[in-house]
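# Inside the fold
Each chain, written out:
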Amino acid sequence: MLKANQNQNALLALLLLVPVPSIGIATQLYILPGLQGHLVALLAKIWLLLVPIIWLLFVDKENLKVEYPKRRDLLAGVALGLLMLGIMLIVYWLLGAKWIDVEYVRNRATQVGLNSFVIYLVGAVYWIFVNSLLEEFVWRWFVYRKCEILVSSPLAVVLSALFFTIHHVVGLAAYFDWRATTLCSLGVFIAGAVWSWCYLNYCSIWPGYISHIFADIAIFLIGWQLIFANSSFHIFEPHLL
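Residues numbered from 1 in each chain as written. Predicted model: local features only at pLDDT ≥ 70, side-chain atom pairs only at ≥ 80, totals over all residues. Heavy atoms only, no water.

## Observations regarding the nonpolar core
Which entries qualify depends on this criterion: Buried Ala, Val, Leu, Ile, Met, Phe, Trp, Tyr and Cys residues form a nonpolar core when they are joined through side-chain atoms within 4.5 Å. Exposure categories follow from relative accessible area, calculated using a 1.4 Å probe and restricted to protein chains: below 20% of the type maximum is buried, above 50% is exposed, and the middle band is partly exposed. Strands are runs of DSSP state E lasting at least two residues, helices are runs of H or I lasting at least four, and both sets are numbered from the N terminus onward.
In this structure, Leu17, Val138, Trp139, Trp141, Phe142, Val143 and Phe163 are the most contacted members of the largest nonpolar core, which totals 30 residues. Counting only elements with at least two residues in this core, the list comes to helix 1 (2-17), helix 3 (35-59), helix 6 (117-150), helix 7 (153-172) and helix 8 (178-202). Among the elements that take part in this core, helix 6 stands out by supplying nine residues, more than any other. Counting residues in hydrophobic clusters, the runner-up holds 28 residues, among them Leu85, Ile128, Tyr209 and Leu226.

## As for the state of the cysteines
Put simply, the rule reads: Here, the term disulfide refers to a pair of cysteine sulfur atoms separated by no more than 2.5 Å.
Under the criterion given, the structure shown has zero disulfides. Not part of a disulfide, Cys147 finds its nearest cysteine sulfur in Cys203, a span of 16 Å. Looking at Cys203, it has no disulfide partner, and the nearest cysteine sulfur is the one in Cys198, 12 Å off. Taking the relative accessible area as the measure of exposure, Cys203 reaches 54% and is therefore exposed.

## Things to note about the packing of aromatic side chains
For any two aromatic rings, the description comes down to two numbers: the centre-to-centre distance and the angle of the planes. To keep things clear, this is the line we draw: The aromatic pairing rule takes the rings of Phe, Tyr and Trp, using the six-membered ring of Trp, and pairs them if the centres are within 6.5 Å, calling planes under 30 degrees apart stacked, those over 60 edge-to-face and the rest tilted.
A complete count under the given rule lists 13 aromatic pairs for this structure. Centroid distance Tyr120 to Phe220: 5.5 Å. Interplanar angle 70 degrees. Geometry classified as edge-to-face. Taken together, the residues Tyr120 in helix 6 and Phe220 in helix 9 (residues 206-227) connect sequence positions 100 residues apart. Comparing Tyr120 with Phe220 shows no difference in burial state: the two are buried. Between Phe164 and Trp195 the ring centres are 6.2 Å apart and the planes differ by 75 degrees, which places this aromatic pair in the edge-to-face class. Of this pair, Phe164 sits in helix 7 while Trp195 sits in helix 8, and the two are 31 residues apart along the sequence. The two residues Phe164 and Trp195 agree in class, both being buried.

Okay, structure coming up:
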């Protein structure tokens, strides 16, 4: 009976959380591009942060604890992060640069205001250092642990990585064709599986977070190349539709 209740609670938690980022991104990029879409995406982010905390306190009835990274967490995170950064840049130079329609990416970036140097820089800092921490907290600490209640640990690694990938596919499809979207989505899935594996083995989000930082640095370096290289850009006047 207890196991059945745990399974039901875990499934409900996943249903409440997993679809939300896809809804936020789809609204922002496809349905309501502009201020309203940004607001929906922001609310989705807030929901992602609040659900795990509320669930921990009022459903699991546990205390929220902050554990500082150990030396092994730092070493593992840096090593994995440098490996990911290198692989991502190499794959982009070999395949991505040939498959991506640069003009289309720049037009889509203009629609959401990312053609502004200042906004791009601020966004990069947020996504690299803040959003990556939020994602590790949500997708590894919370989603992976709920998946582990429902399935075995190896399957939980795969399942949580799949859930992590879904909303990225929605976002990537707005900028790239099917080849680049498939390639990038595969990369997201592999990274999500690696980070879930890190949580399984280290019982900590810190190795995943640190390596996530390096992966996001690679993403924004590539984004910079796509949006700003050999083109004029607006420093203070983004074009929001």
